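What the coordinates show
Residue-level listing of the chains:
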Amino acid sequence: MAIKKIIGASFDDFKEFCKKDGDNPYLMLRKARLIPISKFGLEMSLTSVFLAAVKLVKEFRENFLSEIGMSTSGKTYVYTEVTFPNQSSEKRIDGMIITVKGNKISDAALLEMKNGNNYLCKEQVEDYIKIAKEWGIPRLVTVSNEYVLHPSQSPLKVKLPKDFSLYHFSWTNILTIARLLLFKSKTTPNGKIDDEDQIEIMNEVVAYWESDGSGVCGFTSMKDSWKRTGEAIAKNITLSAEDTKDAITSWHQEEKDMALKLSRELGVLVKIKNAKSKKTFAELIDDSAKEFISTKQLKSQLCIKDAVSDINIIADAMQKKIVMSVILDAPIDKGARGKVTWVKKQVENCIDKIAKINNPMIFDENFFTALIKDIVIFVGVKHSRASIGFSLRDLDDRFDQLKDKDINRFEVVCDRDLGRDFYAPKKFVEEIEKMLLHFYAGIVQNLSAYRQPSPKMATISDTEQKSETE
């Protein structure tokens, strides 16, 4: 039974259309298997395991489908190695997901997957978009080890037809989604994945993805253009436009990797502020490149639910240092001395707690010692754009500069001078990710927003004292 469009077709007709019947056109595909028949390390193996997890683990399926705008109701079917009629084997598509309701296909997505150092190909993606439109499928999902800030963005600059969506996930992003589901399952009764068998399936899938040779790679190095851009800045020569954009792309990929790495440590999704502010990843790169040429700085804000503040990150290419900070609103019911004492105690409390951290993956005593030494507290004053910076010791010694000020905020800042390592592609990634974990563990998680005491009811003795005074 030939069909012309996937969505809206009867599922019975679809199944018939997938059977070879003489010379009649038919849709070639395979059911995705949790235990793939192709060799370990191939893209088809990775695709098969991923799609099987989508089908078998309810919460993983709901999470992924909602990210790509597909309904989570109905029954989900997943396929690999999809070749549509009248298409050559060179245009075989890696995967397809369909949703069936009442024996009708209600939604669908095609998937293009890359692993290892294989990058997405613009021409190939454009071909698959044409195929998807021809068969009435409204979206294409790409997965590779390339990073974007939000799934609605793409590493490629592709013009999309009307009423069509292109989504992209890095494998690290996919792995983080799975890790967060498992993190919650272990720490809460009836956790995010309810079924114990599905928890075990998800554990096995994660183990597969994290195996050496699976093709799932984290972000471990900036591009070579990062070093060339740094050398140009050091020599005060004009930056290459191509190298600058390439280096900026590395920065945003590292920005996403930092957010995902911190997410896995905390068990909550760390978001990048304004990740969706640009329609395309290319627009984001263009805007960031213009700002970088002017300021020689790259900036990011990581948002963590229930943290005292967003984490502000600056990579200063001119000074070759990384700066991380959080902002605290000053107590509104205290004078200048009380406000300064409050923030000083906050930071001293952080230093006391650092010594008690026993996570060997995070705690590096020498690194923490260097970080603490470089803590600076910037004091914000109402109606003033400039902030005054003090070391922890100087807050008391130089209080005279603050006593008549209307203090409204404090910024707790740590910076790390990387020197020549700033422009070393691998070393930069190692240092900034290490600093982020230490900064969060040592400073951010130990800071608390000020809570004004509850209003007190007057006691009898208070009333009597007032009367006697009058």
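Up top is the structure.
Quick look at the structure, then. (Residues numbered from 1 in each chain as written. Predicted model: local features only at pLDDT ≥ 70, side-chain atom pairs only at ≥ 80, totals over all residues. Heavy atoms only, no water.)

Comments concerning the environment of T142
For T142, the location among the structural elements is in strand β5 (residues 139-144). For T142, a relative accessible area of 1% gives the class buried. Counting along the chain gives 31 residues from T142 to L111, while the straight-line C-alpha distance between them is 5.7 Å. Setting aside chain neighbours within four positions, we find T142 in contact with E112, L120, V125, L166, Y167, H168 and F169. (Helix = DSSP H or I, 4+ residues; strand = E, 2+ residues; numbered from the N terminus. Buried < 20%, exposed > 50% of the residue type's maximum accessible area, 1.4 Å probe, protein only. Contact = heavy atoms within 4.5 Å.)

Brief notes about the nonpolar core
Counting 70 residues, the largest nonpolar core has I311, I313 and F428 as its most contacted members. When residues of this core are assigned to their parent elements, the largest contribution, eight residues, is made by helix α13 (residues 425-442). With residues near it in sequence (within four places) discarded, I311 still touches L262, S300, Q301, L302, I304, S325, V326, L436, F439, Y440 and V444. Of all hydrophobic cores here, the second largest spans 37 residues; its members include A32, F50, V78 and L111. (Core = buried A, V, L, I, M, F, W, Y, C linked by side-chain atoms within 4.5 Å.)

Comments concerning the packing of aromatic side chains
On inspection of all chains with the given rule, the structure shows 21 aromatic pairs. Judged by centre distance (5.8 Å) and plane angle (85°), the rings of W342 and Y450 are edge-to-face. On the criterion of sequence distance, the pair formed by W342 in helix α10 (residues 336-354) and Y450 in the loop between α13 and α14 (460-469) is long-range, its members being 108 residues apart. A residue is classified by how much of its surface remains accessible, and W342, at 13% relative accessible area, is buried. Residue class for Y450 comes out partly exposed when judged on its relative accessible area of 22%. An aromatic cluster is present here, built from F50, F60, F64, F169, W171 and W209 joined pairwise through their rings. Across the ring face of Y77, the terminal group of K55 is positioned such that the distance to the ring centre comes to 5.0 Å. Looking at R337, its charged tip hangs above the ring of F399, at a distance of 3.8 Å from the centre. (Phe/Tyr/Trp six-rings, centres within 6.5 Å; stacked < 30°, edge-to-face > 60°. Lys NZ or Arg CZ within 6 Å of the ring centre and 35° of its normal.)

Section: helix α7 (residues 224-234)
Taken together, the buried positions of α7 are S225, W226, T229, G230, A232 and I233. The arc that holds every buried residue of α7, seen down its axis, measures 160°, which confines them to one face. More than 90 degrees from the buried face of α7, the exposed residues found are D224 and A234. Buried residues along α7 sit in contact with α8 (241-266), α9 (281-295), β8 (297-303) and α13. Where α7 ends, the next residue or the one after it, N236, has phi of about 60°, a positive value. (Arc of directions from axis to C-beta.)

Examining the sheet that holds strand β4 (residues 104-113)
The strand order β1-β2-β3-β4-β5-β6 describes an open sheet built from six strands, whose pairing is mixed. Looking at strand neighbours, the two that pair on one side only are β1 (28-31) and β6 (165-170), the edges of this open sheet. The sheet shows a mean angle of 30° between the axes of neighbouring strands, taken without regard to direction. Pairing analysis gives four bridges linking β4 to β5, with the strands arranged parallel. Counted as the bridge partner of M113 is V143 from β5. (Pairing = 2+ DSSP bridges. Axes fitted to C-alpha atoms, helices over the stretch in contact; angles between N-to-C directions.)

Quick look at the state of the cysteines
As enumerated under the stated definition, the model contains zero disulfides in all. Unpaired in this structure, C303 has its nearest cysteine sulfur neighbour in C414, at a distance of 19 Å. C414 takes part in no disulfide bond, and the closest cysteine sulfur to it belongs to C350, at a distance of 9.2 Å. Residue classification places C414 among the buried residues on the basis of a relative accessible area of 0%. (Disulfide = S-S within 2.5 Å.)

What about the pattern of salt bridges?
Where side chains of opposite charge bring their charged atoms close, a pairing between them can arise. On inspection of all chains with the given rule, the structure shows 23 salt bridges. Connected via shared salt-bridge partners are R337, K344, E348 and D396. (Salt bridge = Lys/Arg side-chain N within 4 Å of Asp/Glu carboxyl O.)

Remarks on unusual backbone geometry
Although it is not a glycine, N274 adopts a positive phi angle of roughly 60°. With respect to the element layout, N274 can be found in the loop between β7 (271-272) and α9. One non-glycine residue, K296, lies in the positive phi region at around 60°. The class for K296 is buried, based on a relative accessible area of 18%.

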